[in-house]
Number of protein chains: 2
Amino acid sequence: MTHTHDQALRSSGLRVTKPRLAVLDAIGSRPHADTNGVLAAVRVELPAVSHQAVYDCLNALTEAGMLRRIQPAGSVARYELRVGDNHHHVVCRTCGAVADVDCSVGDAPCLTASEHHGFEIDEAEVVYWGTCPDCSTA
Amino acid sequence: MTHTHDQALRSSGLRVTKPRLAVLDAIGSRPHADTNGVLAAVRVELPAVSHQAVYDCLNALTEAGMLRRIQPAGSVARYELRVGDNHHHVVCRTCGAVADVDCSVGDAPCLTASEHHGFEIDEAEVVYWGTCPDCSTA
DNA sequence: GCGTTTTCTTGAATGAGTCAAGTAAGGACG
DNA sequence: CGTCCTTACTTGACTCATTCAAGAAAACGC
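Residues numbered from 1 in each chain as written. Chains lettered and ligands numbered in written order. Predicted model: local features only at pLDDT ≥ 70, side-chain atom pairs only at ≥ 80, totals over all residues. Heavy atoms only, no water.

1. Structural notes on the overall build of chain A
Okay, step 1: Across its full length, chain A carries six helices and six strands.
Okay, step 2: When its helices and strands are written in sequence order, chain A yields α-α-β-α-α-β-β-β-β-α-β-α.
Okay, step 3: Evaluated residue by residue, chain A yields a buried proportion of 43% over its 138 residues.
Okay, step 4: Intrachain contacts of chain A at a sequence separation of at least 6 include 44% that bridge at least 24 residues.
Okay, step 5: When the accessible surface of chain A is split by element, carbon and sulfur atoms take 51% of a total near 7100 Å². (Helix = DSSP H or I, 4+ residues; strand = E, 2+ residues; numbered from the N terminus. Buried < 20%, exposed > 50% of the residue type's maximum accessible area, 1.4 Å probe, protein only. Contact = heavy atoms within 4.5 Å. Areas by Shrake-Rupley, 256 points an atom, 1.4 Å probe, with all protein chains shown as cover.)

2. Re the protein's contact with DNA strand C
Okay, step 1: Around DNA strand C, the structure places 22 residues, and the nearest of them are Arg15, Thr17, Arg20 and Ser50 of chain A together with Gln52 of chain B.
Okay, step 2: Among the atoms of DNA strand C close to the protein, meaning within 4 Å, 62% are from sugar or phosphate groups.
Okay, step 3: Between DNA strand C and Arg15 of chain A there is a distance of 2.8 Å, counted from a base oxygen to a side-chain nitrogen or oxygen.
Okay, step 4: Take Gln52 of chain B: an N or O atom from its side chain is 2.3 Å from a base nitrogen of DNA strand C.
Okay, step 5: Contributing elements (two or more residues each) for the surface near DNA strand C: helix H2 (18-29) and helix H4 (51-63) of chain A together with helix H3 (35-45) and helix H4 (51-63) of chain B.
Okay, step 6: For the surface near DNA strand C, the leading source of residues is H4 of chain B, giving four residues.
Okay, step 7: Grouping the constituent residues of the surface near DNA strand C by class yields ten nonpolar, eight polar and four charged. (Near = heavy atom within 4 Å. Polar contact = N/O pair within 3.5 Å; in protein donor to acceptor, adjacent residues only side chain to side chain. Nonpolar A, V, L, I, M, F, W, Y, C, P; charged D, E, K, R; others polar.)

3. Remarks on the pattern of salt bridges
Okay, step 1: Summed over all chains, the structure comprises six salt bridges over all chains.
Okay, step 2: The residue Glu123 of chain A makes a salt bridge to Arg93 of chain B at a minimum N-O spacing of 2.9 Å. A residue pair is termed interchain when its members come from two chains, as with Glu123 of chain A in strand S6 (residues 120-131) and Arg93 of chain B in the loop between strand S4 (88-92) and strand S5 (98-101).
Okay, step 3: On the basis of relative accessible area, Arg93 of chain B is assigned to the partly exposed category, the value being 44%.
Okay, step 4: Each member of the salt-bridge network shares a partner with another, and the members are Arg93 of chain A together with Asp122 and Glu123 of chain B. (Salt bridge = Lys/Arg side-chain N within 4 Å of Asp/Glu carboxyl O.)

Structure (structure tokens):
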């Protein structure tokens, strides 16, 4: 695990540091964690990390393409390991819970906007809004 | 214009006030404006409105379904008049510009998530990420 | 090891958005 | 038209995620 992340960091041209490995581990085991959750998880291993270090790691790893940042309206930033499967997210309007869903229409159609106003589009992000099972029953 | 908004407010059970009419006018003429932009536009007509009043109006109107709030990752909240056409947005990664795009796959398919984890889904939001014409050339 | 570069620590600042208490305005009803 | 109750607005303080800045520490090529 750690060794895998180790290599991934090197091949992205990033230095291998304890905070970065801990951040990757934290997000691997808690997908959709927010910055505070990551910070808490990282501090289990490394009690002395600063919050700034975690912000820096999250930004560096996101920029390098190893993490994906998701930020539904009204929510703080959340992170997940970037995987190549083009999945999307369902968000609960009540409690903010996030779950993964596969792309409903395949990969290619998602990138096809009918009228793109001259924009060069490189990604289509889909967020499904609704109510999670727990909030439905309550 | 004002008269139309007047009736729309009444039929949503909201009182008709100057700040609300001004907010609706502002967003009608500047789609995708953020809160500060709305505040500035409103103060052209009503120099004395408080920022809190604008926040309250935006929340009330959004809750009543007259406005749609859009908030792409890394951006502050933006608003547009809610129209029934299920359109989506392209966002420029560089400058944050927002433009409308029609739904590429029609209305119904957008709401079909293949595996919904028990969520009751009521809306699908699509954000296309890319680079706007201005930022492409620069 | 040595030195350079990147990353982390520390501490303060920014800014969108919210909270709370009191005043003002909307509008139903007489 | 005037009264009264309710909803909306004003004022001002506050929260909290995120960023900025300067110096210390760690990574890693040589």
